[in-house]
Amino acid sequence: MVLLSILAIFAFIIIYLTIVVDMFKQKVWLGLLGLFFFPFTYYHAFVNYSGNRKRISAALLVTTVLGFGYTQYQEYVAEKELTPFFKLVSLNHSTKCQVESGITWRGGTTLYNVSCNPKYINEIEYTNEEELISKYREFIVQPLLKEYSQTFGKVEAKGIKLIILSPSRMSACYIIENPNEIVELWSSFEYCD
């Protein structure tokens, strides 16, 4: 299923760029519009494409639906697989967690984006980014790993990218692979990308 998703994304990029090139051939401003604003590219594929409109439109729709459908399916699976973990964390640690959009792959492991918001987050003080990461790891992430290993940690070839937004709007980011190993940690002013 992952291979199908990767192939669909690759095919979508090629088809999309083919349409944008056609838009550039017709008018430069139209090509720039299609390059930066995707709805115009879809419109062009259905209405103004100089080649076989039916074939390019169908290919664009199929690859879009496959990519979007796979992402929605993965988010549904993530929600279902992570629900027991979320319930235990909420009950035992007063921490609300939820699945965020976005899925990544790392060396054969599927990583779901998960954000957690502990009620006691304002009590944890830090002075710099390194201290933020280490204190959040000690006071938030480490206590959650017991519940993680008992629930979602039993699912093979999966993991999470844990995102904890601090009161200063900086994110502490942790990649946790199953059963309960923190393999990477960093801080970001963006959303852990």
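Provided above is the structure to which this section pertains.
Remember, predicted model here, so these are calculated numbers, not experimental data. (Residues numbered from 1 in each chain as written. Predicted model: local features only at pLDDT ≥ 70, side-chain atom pairs only at ≥ 80, totals over all residues. Heavy atoms only, no water.)

A. View of helix H3 (residues 38-47). Taken together, the buried positions of H3 are occupied by Thr41, Tyr42, His44 and Ala45. Take H3 and look down its axis: the buried residues cluster within an arc of 160 degrees, on one side only. (Buried < 20%, exposed > 50% of the residue type's maximum accessible area, 1.4 Å probe, protein only. Helix = DSSP H or I, 4+ residues; strand = E, 2+ residues; numbered from the N terminus. Arc of directions from axis to C-beta.)

B. Region of interest: the side chain of Thr110. For Thr110, the position within the fold is in strand E2 (residues 109-118). Overall, Thr110 belongs to the buried group, its relative accessible area being 9%. Excluding residues within four positions of it along the chain, Thr110 makes contact with Gln74, Ile103, Thr104, Trp105, Ala157, Lys158 and Gly159. (Contact = heavy atoms within 4.5 Å.)

C. Up close: the side chain of Ser187. Along the chain, the position of Ser187 falls in strand E5 (residues 181-188). Among the polar contacts listed, one links the side chain of Ser187 to the side chain of Glu129, at a separation of 2.7 Å. Those residues in contact with Ser187 that sit more than four places away from it in its chain are Glu129, Leu132, Ile133, Met170 and Ser171. (Polar contact = N/O pair within 3.5 Å; in protein donor to acceptor, adjacent residues only side chain to side chain.)

D. A look at the nonpolar core. Counting residues in hydrophobic clusters, the biggest one holds 31 residues, and the most contacted among them are Leu82, Tyr136, Leu162, Ile164, Tyr174 and Ile176. The element that contributes the greatest number of residues to this core is helix H5 (residues 129-150), accounting for eight residues. Ignoring sequence-local partners within four residues, the contact set of Ile164 consists of Cys116, Pro118, Ile121, Tyr136, Ile140, Val141, Met170, Ser171, Ala172 and Tyr174. (Core = buried A, V, L, I, M, F, W, Y, C linked by side-chain atoms within 4.5 Å.)

E. Summary view of the pattern of salt bridges. One pass over the structure, following the stated rule, counts four salt bridges. The partner of Glu184 in a salt bridge is Arg106, with the nearest N and O atoms 2.6 Å apart. Within this pair, whereas Glu184 is found in strand E5, its partner Arg106 is found in strand E1 (residues 95-106), the two being separated by 78 residues in sequence. The class for Glu184 is partly exposed, based on a relative accessible area of 33%. Via salt bridges that share partners, Arg106, Glu177 and Glu184 belong to a single interconnected network. (Salt bridge = Lys/Arg side-chain N within 4 Å of Asp/Glu carboxyl O.)

F. Fine view of the state of the cysteines. Overall, the coordinates contain two disulfides when judged by the stated rule. In this model, Cys97 is linked to Cys116 through a disulfide, with the two sulfur atoms separated by 2.0 Å. Classification of the bridge connecting Cys97 and Cys116 rests on its S-S torsion, roughly 110 degrees, and on that basis the disulfide is right-handed. With Cys97 in strand E1 and Cys116 in strand E2, this residue pair connects regions lying 19 residues apart in the sequence. Of the two residues examined, Cys97 and Cys116, each falls in the buried class. Sulfur-sulfur distance for the disulfide between Cys173 and Cys192 comes to 1.9 Å. A torsion of -85 degrees about the S-S bond marks the disulfide between Cys173 and Cys192 as left-handed. In this pair, Cys173 is assigned in strand E4 (residues 171-177) and Cys192 in the segment after E5, connecting sequence segments 19 residues apart. (Disulfide = S-S within 2.5 Å.)

None of the figures reported here should be taken as evidence of function without further support.
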